[in-house]
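# Structure at a glance
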Protein chains: 2
Amino acid sequence: MIQTPYLLFLGDAPDMLAAKVAIGIRDWRPDHAVGQFRLPGCGADLGLADMDLAQARAAGAKTLVIGVANRGGVISKEWKKVLVTALEEGFDLAAGLHNLLRDEPDLVAVAQATGRTLHDVRVPEVKYPIADGKPRTGKRCLAVGTDCSVGKMYTAMAMEREMRTRGMKATFRATGQTGILITGDGVPLDAVIADFMAGSIEWLTPDNDPDHWDLIEGQGSLFHVSYSGVTLALIHGGQPDALILCHEPTRTHMRGLPDYQPPSLQTLMDTALPLARIANSACQVVGVSVNTQHMPEDDARAYLEKVEADMNLPATDPYRFGAAKLAEALAAI
Amino acid sequence: MIQTPYLLFLGDAPDMLAAKVAIGIRDWRPDHAVGQFRLPGCGADLGLADMDLAQARAAGAKTLVIGVANRGGVISKEWKKVLVTALEEGFDLAAGLHNLLRDEPDLVAVAQATGRTLHDVRVPEVKYPIADGKPRTGKRCLAVGTDCSVGKMYTAMAMEREMRTRGMKATFRATGQTGILITGDGVPLDAVIADFMAGSIEWLTPDNDPDHWDLIEGQGSLFHVSYSGVTLALIHGGQPDALILCHEPTRTHMRGLPDYQPPSLQTLMDTALPLARIANSACQVVGVSVNTQHMPEDDARAYLEKVEADMNLPATDPYRFGAAKLAEALAAI
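The residue numbering used here restarts from 1 in each chain and proceeds along that chain's sequence as written. Numbering of ligands from 1 and lettering of chains from A proceed in the order in which they are written. Side-chain atom pairs in this predicted model are given and counted only at pLDDT of 80 or more, local residue features only at pLDDT of at least 70, and totals for whole chains, interfaces and linings cover all residues. Side-chain metrics rest on all non-hydrogen atoms present in the structure, leaving aside hydrogens and water.

## What about the interface of chain A and chain B?
Tallying the contact residues gives 31 residues for chain A and 31 residues for chain B. Here the quantity called buried area is the total loss of accessible area, with a 1.4 Å probe, experienced by two parts when brought into contact, counted for both. The contact between chain A and chain B buries some 2,600 Å² in all, and 62% of this surface belongs to carbon and sulfur atoms. Three residues stand out in chain A for area buried against chain B, namely Asp195, Val225 and Ile278 of chain A, and they jointly supply 19% of the buried area on that side. In what follows, salt bridge is the name for a side-chain nitrogen of Lys or Arg lying within 4 Å of a carboxyl oxygen of Asp or Glu. The interface formed by chain A and chain B holds zero salt bridges in total. Pairs of N or O atoms are called polar contacts if they sit within 3.5 Å, as long as, within protein, a hydrogen donor faces a hydrogen acceptor (for residues adjacent in sequence, only side-chain-to-side-chain pairs). Counting across the chain A and chain B interface gives ten residue pairs in polar contact (both at pLDDT 80 or more). Working definition: helices are DSSP H or I runs of at least four residues, strands are E runs of at least two. Numbering for both runs from the N terminus. When residues of the side of chain A that touches chain B are assigned to their parent elements, the largest contribution, six residues, is made by helix α8 (residues 228–238) of chain A. Note on residue categories: nonpolar means Ala, Val, Leu, Ile, Met, Phe, Trp, Tyr, Cys or Pro, charged means Asp, Glu, Lys or Arg, and polar means any other residue, Gly included. Among the residues making up the side of chain A that touches chain B, the classes are represented as 21 nonpolar, seven polar and three charged. Contacts between residues were defined by any pair of non-hydrogen atoms, one from each residue, lying within 4.5 Å.

This is the structure in structure tokens:
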């Protein structure tokens, strides 16, 4: 568990695209973001207060989160200087970089000397159990996609916010590095050892109040041959009561697989639901989340209407039109 | 790749059950087994020549394989003495124990000093790629089960032998520790990091002659919630042209999951085939392998006849009645 709140390190990010993780924290956990730390030449700006390390400590920040993708996969000298000083000034560090914090001997030495913690959220820090498949109290919802990167994390985040606004009990459960950095906790599922994947998701979504919903972040796709095993472990470990189908209609092939076509929403439903019912016979598909970012608004609305008619399910783009329909669908279960 | 042939270390195994790995090597790769090494009190006997280390070296043995499950999960003092001497006398060591050879400082030190290799087949020794889903030349067959431990490895091994006897090109591809120790090579799939599971199977089953069959060892089951993700990665990484359905009819619940029932063979086929066709649209289910060890012979034959009639597929118990029907099914593709 990463200590909050955070100071968001933007470094020398060339643009906002490179600051995806920091933007996620600002948007979804604004209470976690005390301020931003930028190096000279930084092209990203989250609109948060610029703070140095001392100011951020005074404002209560406990962890410096590297909220940017670094260049060339390495931690630069300029970054390193800030990271070492942050440890000395009492910050923990958290990052999802390929270049692990723990692989930098100077960071390890300073962290040990100062008693601070280095969080590499790409690497599991827990010894997960093997899944036992036992039913758990409380309810769980999982977003499954026709492809990778179609908006599954965003959908679960937007549903959590909408449900909490309505007074429902809801918790986003992160299964990827961005989600873990945003919420401070979760399972880096793509880095878990095969035998423990489903068990890690059981661990992440334990017994809860009967009217509490875990909104489990989806990963991969049953139709994406590189990562489908991860997706099925999520379905069987999560034991979802409800599935949300996620889709990006303009995609011409599966992400990174030029010769593979995304399935239809109907095919996704026909494939995912029987598999989900192996672990939870009561599982239902309750709604559709469409990522319409590449469609004009009229086309997007027309597409959603057609999906609702074809699938007989509520459909929305939670980013563009809100997650109300999906929250209502869960409230009705 | 483990150097063959082997001296099979049976240690102080209390009985034959504890010597499962050694039995597999003797049965499936007799050319790999130069002899057996037994400690006083050993209750297992493979019927091979008893040899000491010097005799086995003289007979050409290159690796001492720990062919037994050890007691309490630790390498005992009695074992250690033999293992150290074996390294000193020029043997590599290979084991699939929870207690890794590499975690024993004295073994590591002697192996370094003597230039020998310690093979812990539970632990991947290769940096596998992420699967790219590209079609590969040659043909592949995968055994999928209604449950774990229904005879998938045995089925693939028996098919390999039968096909080779018929002059067909066939290679068993190990995906578990026992299979790796038997053949000297393979992928310990249950220990692979989630993101690389499917890629490891692509790596294991590369381009080959058009008439060559890889017989891929199955793992888990799509219906076993603890391990289903591993199974789907195997289906999508393996891109099988042919599936063999494996079943154990007397099982009353899924292995280790008392509240889960095994599916019917029809349900297994209806689930596995569409998933396999995502990666290989030409995939077919070509036969059924039934583990009838808990059935009298008349019942077994009647059961197989019923399966053939119900499924319209050849069905056999390859252990009891041979793998000819399954080899013929592949020859017909």
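## Considering the relation of the copies chain A and chain B
Least-squares fitting of one copy onto the other uses the C-alpha atoms of those residues that reach a pLDDT of at least 70 in both copies. Take chain A, turn it by 180°, move it 0.1 Å along the axis, and it overlays chain B with an RMSD of 0.1 Å. Between the two chains, the operation in question is that of a two-fold axis. Taken together, the interface assignments show that 100% of the residues at the interface of chain A recur at the interface of chain B, consistent with an identical surface on both copies.

## Focus on the sheet that holds strand β7 (residues 169–173) of chain B
All names here are of chain B. Spatially, six strands are ordered β7-β8-β6-β9-β10-β11 in an open sheet, and the strand pairing comes out parallel. Looking at the sheet topology across the chains shown, the edges are occupied by β7 and β11 (315–316). Fitting a line to C-alpha atoms yields each axis, with helices limited to the stretch in contact; the angle taken between N-to-C directions then spans 0 to 180 degrees. Those strands touched by helix α8 (residues 228–238) are β6 (139–145) and β8 (212–216), and its axis lies near 165° from that of β6. Along the sheet, helix α12 (residues 324–331) makes contact with β6, β8, β9 (242–247), β10 (284–290) and β11, crossing β10 at roughly 175°. A pair of strands counts as paired when DSSP detects no fewer than two bridges linking them.

## Topic: the environment of Arg136 of chain B
All names here are of chain B. Here Arg136 lies in the loop between β5 (118–120) and β6. Separated by 72 residues in sequence, Arg136 and Asn208 have C-alpha atoms that sit 7.7 Å apart. Residue contacts for Arg136: discarding those within four places in its chain leaves Ile201, Glu202, Thr205, Pro206, Asp207, Gly237, Gly238 and Gln239. Within polar-contact distance, the side chain of Arg136 engages the backbone oxygen of Thr205 at 2.7 Å.

## Quick notes on the side chain of Glu248 of chain B
Residue and element names in this part refer to chain B. Mapped onto the fold, Glu248 is located in the loop between β9 and α9 (265–279). There is a polar contact of 2.8 Å between the side chain of Glu248 and the backbone nitrogen of Thr250. Leaving out residues up to four positions away in the same chain, Glu248 has contacts with Thr146, Val150, Asn291 and His294.

## So, the pairing of strand β3 (residues 63–66) of chain B
Residues and elements named next belong to chain B. Burial of β3 is two-sided: the residues Thr63 and Val65 facing one way and the residues Leu64 and Ile66 facing the other way are all buried. Relative to β3, strand β1 (residues 6–11) is paired through four bridges, and the arrangement is parallel. Residue pairing in the sheet places Tyr6 in a bridge with Thr63 of β3. Examined bridge by bridge, β3 and strand β4 (residues 92–95) share three bridges and lie parallel to one another. If you follow Leu64 over to β4, its bridge partner there is Leu93. The buried label applies to any residue whose accessible area, calculated with a 1.4 Å probe on protein chains only, is under 20% of its type's maximum; exposed applies above 50%, and partly exposed to all values in between.

## Observations regarding the environment of Glu217 of chain B
Residue and element names in this part refer to chain B. Positionally, Glu217 belongs in the loop between β8 and α8. For Glu217, a relative accessible area of 5% corresponds to the buried category. Leaving out residues up to four positions away in the same chain, Glu217 has contacts with Leu142, Met153, Phe172, Arg173, Ala174, Thr175, Gly176, Gly179 and Leu234.

## Quick look at the nonpolar core
Nonpolar cores were defined as sets of buried Ala, Val, Leu, Ile, Met, Phe, Trp, Tyr and Cys residues, with membership established by side-chain atoms within 4.5 Å. The biggest cluster of nonpolar side chains holds 84 residues, and the ones touching the most others in it are Met197, Leu243 and Leu245 of chain A together with Met197, Leu243 and Leu245 of chain B. What Leu243 of chain B contacts, discounting residues up to four positions off in sequence, is Leu142, Val144, Ala272, Leu273, Ala276, Cys283, Gln284, Val285, Val286 and Gly287 of chain B. Among the nonpolar cores identified, the runner-up in size contains 73 residues, and Leu7, Ile25, Ala56 and Leu326 of chain A belong to it.

## Points about the pattern of salt bridges
A full pass over the atoms with the stated rule returns 38 salt bridges over all chains. Among the charged side chains, a network of salt bridges with common partners joins Arg29, Glu160 and Arg164 of chain A.

## Points about unusual backbone geometry
Residue and element names in this part refer to chain A. A cis amide bond links Thr4 to the next residue, Pro5, at an omega of 0°. Take Pro5: it is sitting in the segment before β1 (6–11). Here the phi dihedral of Gln239 falls at roughly 45°; this positive angle occurs in a residue that is not glycine. Note that Gln239 resides in the loop between α8 and β9 (242–247). Residues other than glycine seldom take positive phi values, yet Asn312 does so here, at roughly 55°.

## Focus on the sheet that holds strand β5 (residues 118–120) of chain A
All names here are of chain A. Strand order in the open sheet formed by five strands is β2-β1-β3-β4-β5, and the pairing between neighbours is parallel. Where the open sheet ends on each side, the last strands, each with one partner, are β2 (33–38) and β5. Taking the axes of each pair of neighbouring strands and ignoring which way they run, one obtains an average angle of 20° across the sheet. Pairing geometry for β1 and β2, over five bridges, is parallel. Across the sheet, residue Gly11 finds its bridge partner in β2, namely Arg38.

## Digging into the confidence of the model for chain A
Note on scores: pLDDT gives the predictor's confidence for each residue, bounded by 0 and 100. In this model, chain A carries a mean pLDDT of 96, and residues with pLDDT of at least 70 account for 99%. Both scores are available for the predicted complex, with the pTM at 0.95 and the ipTM at 0.94.

## Quick look at the packing of aromatic side chains
The geometry of an aromatic ring pair comes down to the distance between the two centres and the angle between the two planes. All names here are of chain A. To pair, rings of Phe, Tyr and Trp, with the six-membered ring standing in for Trp, must have centres within 6.5 Å; the planes then decide the type, stacked if under 30 degrees apart, edge-to-face if over 60, and tilted in the middle. Per the counting criterion, the structure on display carries ten aromatic pairs over all chains. Arranged with centres 5.1 Å apart and planes meeting at 65°, the rings of Tyr154 and Tyr319 form a pair that is edge-to-face. Note that Tyr154 is positioned in helix α5 (residues 152–165) and Tyr319 in helix α11 (residues 318–321), a separation of 165 residues in sequence. By relative accessible area, which is 62% here, Tyr319 ends up exposed. Think of it as a cone above the ring: NZ of Lys or CZ of Arg counts as a charge over the ring if it is within 6 Å of the ring centre and within 35 degrees of the ring normal. The positively charged end of Arg57 is found above the aromatic ring belonging to Phe91, 5.5 Å away from the centroid.

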